[in-house]
Amino acid sequence: MSLKTPSKLEKMLSQGHLAVTSECGPPRGSDPEAIRKKAGLIKDYVDAVNVTDNQTSVTRMSSLAACIHLKLMGVEPIFQMVTRDRNRIAIQSDILGAASFDIFNMLCLSGDHQSFGDNPKGQNVHDLDSMQLVQTVRFMRDEGKFLGGGDISRPPKIFVGAAANPFADPFEIRVPRLAKKIAAGAEFIQTQCIYNLDKFEEWIKGVCDRGLHEKTAILAGVTPLKSAGMAKFMKNRVPGMDVPDEVVKRMADTPKDKQADEGIAICIETIERLKSVEGVKGFHIMAIEWEEKVPEIVERAGLYPRPETG
Amino acid sequence: MIVAEKKPVEEIIGYVKDCQKILILGCNECVTVCEAGGKKEVGVLASTLRMYFLNQGKDVKIDEITLERQCDHEYLEEIRDVADEYDGIVSLACGVGVQFMAEKYHSVPIYPGVNTCFLGATEQRGLWTERCQACGNCMLALTGGICPVSRCAKRLLNGPCGGSSNGKCEISKDIDCAWQLIIDRLKALGRLEDYEKICDIKDWSTDRAGGPRKVVREDVQI
């Protein structure tokens, strides 16, 4: 398989290894140490690190700037971009900015609604949607052109990803929706956090039945639960999240001082079970404000050391 | 129709508190249907203001007129002879009517008495909901007659997003997910395969983004 970009993630997947990615949320301030410290904790345990883009619509250091900090410390960033905050001019401009620092991966998202964040009175842009953002990055890369038709000097070499949430409604279009993202040009997919494994497996079976797993690399998303409270919050308050009652009960039945360990154990069991599921090409470990646990999860799940891609 | 909502009376009082002679001007079109600015609401606002000024010990004259429309020269002309008598006119028309009034009558301040909300429909008495954002490039043929521009909180043309849950939008359990409605409708029409057609990047130049818009029909001009 010939590589389309210099992306380490693309190379890892093309060599048939289970890929491991994680994420770092930029700080609510301008101190670069905050992002460097998080990345430093995980950098030897993952192949690439997503940098979130004003996640949950809370204003933070820009994703692109944080990606550059990671790149400068030798970590492979995955530049997350939401369509909520930029029109097509800013989108193309930031893609070129990322490419100028040799950032080789992007994850294209629509973004949470701004009503969840610290500026609920603001506008949202959505000049493009996430599907069209995927198309845009691929067009800029593959055609070497701007949306307006002009030529790009030194087009971006970006491996293009998108998100999939197998648990959102309506379930029946979750496989067709993935097909649509692949048709738009998504080369890798990172899924919503998986707690309902049966439902995830039903989804990915539908994906494989249509041969879609051959056309994109699906990284299964996992997030370790820190506490029973977090499990309940994720279940009840986070849009599009599916935390089955038995998971909440398992956390709640664990003594408080052992709940974090139980959350890690559930996370590792999830990875172990999904490793052998057809269509799963890797894992995206989102340890929200708990990055220090990523090395332990990767090691205990048998995903360490990370393969050399040459 | 254009759906509007009455402004809080305190805000209106703030505009007209120093006036001596006020006209409350209703509109017999959309704002009558949505019960924000028709003859009935003109009467209620006029009575409220009369009470207010009476309590303040002020002698303020308040008249009531409701025009057939405030977005047509023809009807606005009906107050040509009386408009200048007032030192304040509160228009209960939509923002279009308020502006058209202000363009026509230069010497009297025109104050808005309603907030213009959206283009919508009457779902039931007392419940109006948005249906259109006048993007100028209708795509309802592609989406089973349900508009993602006006009804999806992120105006996603290739939805639904990951926040759709039990048919509801991530921002509120009271708001239907437009894409759930689109999918249900496509299914009912036997066209679910159309869901997989990618909707191209939209030309928003016919929307607000393109600047103030105009429709010119030379064939019907006199």
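Cut-off values and rules
- Residues numbered from 1 in each chain as written.
- Chains lettered and ligands numbered in written order.
- Predicted model: local features only at pLDDT ≥ 70, side-chain atom pairs only at ≥ 80, totals over all residues.
- Heavy atoms only, no water.
- 1 Å grid on protein atoms, 1.4 Å probe; cavity = no way out; pocket = protein on both sides within 12 Å on 5 of 7 lines; lining within 4 Å.
- Points joined across faces, edges and corners; volume = space filled by probe spheres on them.
- Helix = DSSP H or I, 4+ residues; strand = E, 2+ residues; numbered from the N terminus.
- Nonpolar A, V, L, I, M, F, W, Y, C, P; charged D, E, K, R; others polar.
- Patch = residues over 30% accessible without salt bridge, like charges linked within 9 Å, V, L, I, M, F, W, Y side chains within 5 Å.
- Areas by Shrake-Rupley, 256 points an atom, 1.4 Å probe, with all protein chains shown as cover.
- Salt bridge = Lys/Arg side-chain N within 4 Å of Asp/Glu carboxyl O.
- Contact = heavy atoms within 4.5 Å.
- Buried area = accessible area lost by both parts, 1.4 Å probe.
- Polar contact = N/O pair within 3.5 Å; in protein donor to acceptor, adjacent residues only side chain to side chain.
- Core = buried A, V, L, I, M, F, W, Y, C linked by side-chain atoms within 4.5 Å.
- Buried < 20%, exposed > 50% of the residue type's maximum accessible area, 1.4 Å probe, protein only.

(A) Quick peek at empty space enclosed by the protein. A full pass over the atoms with the stated rule returns two cavities of 30 Å³ or more. Taken as a whole, the largest cavity spans an internal volume of roughly 130 Å³. In this structure, the largest cavity is lined by 16 residues; those nearest its centre are B:Cys152, B:Ala153, B:Cys161, B:Cys169 and B:Cys177. Among the secondary structure elements, those contributing two or more residues to the lining of the largest cavity are strand S8 (168-169), strand S9 (172-176) and helix H7 (178-188) of chain B. Space inside the second largest cavity adds up to approximately 40 Å³. Forming the boundary of the second largest cavity are A:Ile194, A:Tyr195, A:Val222, A:Thr223, A:Gly263, A:Ile266, A:Cys267 and A:Thr270. The element contributing the most residues to the lining of the second largest cavity is helix H10 (residues 259-275) of chain A, with four residues. When its residues are assigned to classes, the lining of the second largest cavity shows five nonpolar, three polar and no charged.

(B) Broad picture of a nonpolar patch on the surface. A cluster of nonpolar residues, A:Phe116, B:Ile171 and B:Ile175, forms a patch on the protein surface that exposes about 210 Å² of accessible area. Mapped onto the fold, B:Ile171 is located in the loop between S8 and S9.

(C) Structural context of the interface of chain B and chain A. In this assembly, 30 residues from chain B lie in contact with 34 residues from chain A. Around 2,600 Å² of area is buried between chain B and chain A when both sides are counted, 50% of it from carbon and sulfur atoms. Inspection of the chain B/chain A interface yields two salt bridges. Among the salt bridges present, the one from B:Lys187 reaches A:Glu172, with a minimum N-O distance of 3.0 Å. Run the count over chain B and chain A and you get 23 residue pairs in polar contact (both at pLDDT 80 or more). By residue class, the composition of the side of chain B that touches chain A is 13 nonpolar, nine polar and eight charged.

(D) Fine view of the nonpolar core. Membership of the largest hydrophobic core comes to 70 residues, with the highest contact counts inside it found for A:Ile95, A:Leu178, A:Phe200, A:Trp203, A:Ile204 and A:Ile271. Top contributing element to this core by residue count: helix H7 (residues 197-209) of chain A, with six residues. Setting aside residues up to four positions removed in sequence, A:Leu178 forms contacts with A:Ala164, A:Ile189, A:Trp203, A:Val207, A:Leu212 and A:Ile218. Among the nonpolar cores identified, the runner-up in size contains 25 residues, and B:Ile13, B:Cys27, B:Ala36 and B:Trp128 belong to it.

(E) Region of interest: the pattern of salt bridges. Residue and element names in this part refer to chain A. Taken as a whole and judged by the stated rule, the model has 45 salt bridges over all chains. In this structure, Glu 296 and Arg 300 form a salt bridge, with 2.6 Å as the shortest nitrogen-oxygen distance. Linking Glu 296 with Arg 300, this pair stays in helix H11 (residues 294-300), spanning four residues, or about one helical turn. Accessibility expressed as a relative area gives 28% for Glu 296, which makes it partly exposed. The partly exposed category is assigned to Arg 300, whose relative accessible area is 46%. Within the structure, one salt-bridge network assembled from shared partners comprises Arg 138, Arg 141, Asp 142 and Glu 187.

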